[in-house]
Amino acid sequence: MLEHEILTLIKQADIAIGTEDFDALMEFYAEDAALVVQPGQVAKGKAQIRTAFEAIARHFGNTLSVTQGKAQVIEGGDTALVIMETLLHIGEAKEPIVRRATYVFARDTAHGWLCTVDNSYGTDLLNES
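Q: For this particular structure, what's the right way to read the overall build of the protein chain?
A: For the protein chain, the count of helices and strands is three helices and six strands. If you list the helices and strands of the protein chain from N to C, you get α-α-β-β-α-β-β-β-β. Computed over its C-alpha atoms, the radius of gyration of the protein chain comes to 14 Å, within 12% of the 14 Å expected for a compact globule of 129 residues. For the protein chain, the C-alpha atoms occupy an extent of roughly 40 × 35 × 30 Å along the three principal directions.

Q: Sorry, what's going on with the sheet that holds strand S5 (residues 97-108) here?
A: Pairing between sheet strands relies on hydrogen bonds along the backbone, with the strands arranged either parallel or antiparallel. Sheet architecture is open: six strands sit in the order S2-S1-S6-S5-S4-S3, paired in mixed fashion. Each end of this open sheet is capped by a strand with a single partner; those strands are strand S2 (41-44) and strand S3 (64-76). Pairs of neighbouring strands in the sheet enclose a mean axial angle of 25 degrees, with direction left out of account. Taken together, the ten bridges between strand S4 (residues 79-90) and S5 define a ladder with antiparallel strand orientation.

Q: What exactly am I supposed to notice about the pairing of S2 here?
A: Along a regular strand, successive side chains alternate from one face of the sheet to the other. The sheet contact formed by strand S1 (residues 29-38) and S2 spans four bridges and is antiparallel. The residue bridging Gln38 from the neighbouring strand is Gln41, located in S2.

Q: Is there a simple way to explain the side chain of Thr86 in this structure?
A: With respect to the helices and strands, the residue Thr86 is situated in strand S4. Of the residues examined, Thr86 reaches a relative accessible area of 2% and is grouped as buried. A polar contact is formed between the side chain of Thr86 and the side chain of Tyr103, at a distance of 3.0 Å. Every residue in contact with Thr86, bar those within four places of it in the chain, is listed here: Val66, Thr67, Gln68, Ile97, Val98, Arg99, Ala101 and Tyr103.

Q: Honestly, the packing of aromatic side chains in this entry has me stumped. Any pointers?
A: Each pair of aromatic rings is reported with the distance of its centres and the angle of its planes. Here the structure, examined in full by the defined rule, presents one aromatic pair. Summarising the aromatic geometry, the rings of Tyr29 and Phe53 are spaced 6.3 Å apart at their centres and angled 50 degrees between planes, so their arrangement reads as tilted. With Tyr29 in strand S1 and Phe53 in helix H3 (residues 45-59), this pair connects stretches of sequence that are 24 residues apart. Take Tyr29 and Phe53: they sit in the same class, and that class is buried.

Q: I keep staring at helix H1 (residues 5-19) and nothing clicks. Help me out?
A: Each turn of an α-helix holds 3.6 residues, which means side chains three or four residues apart point in the same direction. Here H1 contains 15 residues, and its C-alpha end-to-end distance of 22 Å stays within 8% of the 21 Å for a straight helix at 1.5 Å per residue. Turning to H1, its buried residues number three or more, namely Ile6, Leu7, Leu9, Ile10, Ala13, Asp14, Ala16 and Ile17. Looking at the buried positions of H1, the neighbouring elements they touch are helix H2 (22-26), H3, S3, S4, S5 and strand S6 (112-119). Once H1 finishes, Glu20 follows within two positions and takes phi at roughly 55 degrees, a positive value.

Q: Would you explain the environment of Asp14 in this entry?
A: The residue Asp14 is located in helix H1 in this model. A C-alpha to C-alpha distance of 9.9 Å links Asp14 and Leu88, two positions 74 residues apart in sequence. Apart from residues lying up to four places away in sequence, Asp14 is in contact with Val66, Thr67 and Gln68.

The rules behind the values
Residues numbered from 1 in each chain as written. Predicted model: local features only at pLDDT ≥ 70, side-chain atom pairs only at ≥ 80, totals over all residues. Heavy atoms only, no water. Helix = DSSP H or I, 4+ residues; strand = E, 2+ residues; numbered from the N terminus. Rg over C-alpha atoms; globule rule 2.2 N^0.38 Å. Pairing = 2+ DSSP bridges. Axes fitted to C-alpha atoms, helices over the stretch in contact; angles between N-to-C directions. Buried < 20%, exposed > 50% of the residue type's maximum accessible area, 1.4 Å probe, protein only. Polar contact = N/O pair within 3.5 Å; in protein donor to acceptor, adjacent residues only side chain to side chain. Contact = heavy atoms within 4.5 Å. Phe/Tyr/Trp six-rings, centres within 6.5 Å; stacked < 30°, edge-to-face > 60°. Expected span 1.5 Å × (residues − 1).

Next comes the structure, spelled out in structure tokens:
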């Protein structure tokens, strides 16, 4: 079974995060995308998202790498919901931080699939209210 195109894109974005190639990373996002930086804080648009990723890299001492575990992609029209196990590897830590992330992608006729909502916290955001 072939891997869904979006999962391949997410893996490429993960590499860009780990190498801190923020120019390449921004290519995965729609111009008006939203990134949940942490519960209660959302970056909107590529400029804010880039600034957030730069701050996240510094916060983790420039040692963050991201990989993915189990995933499901559910398509409806030109929109896709991705439910995914996201693994955050930080420095020399033996165990990654595991999150059940949710992402929304929209198919753009010129650029293919672009992330419109990046929520690595998934439904855990409900625990914050």
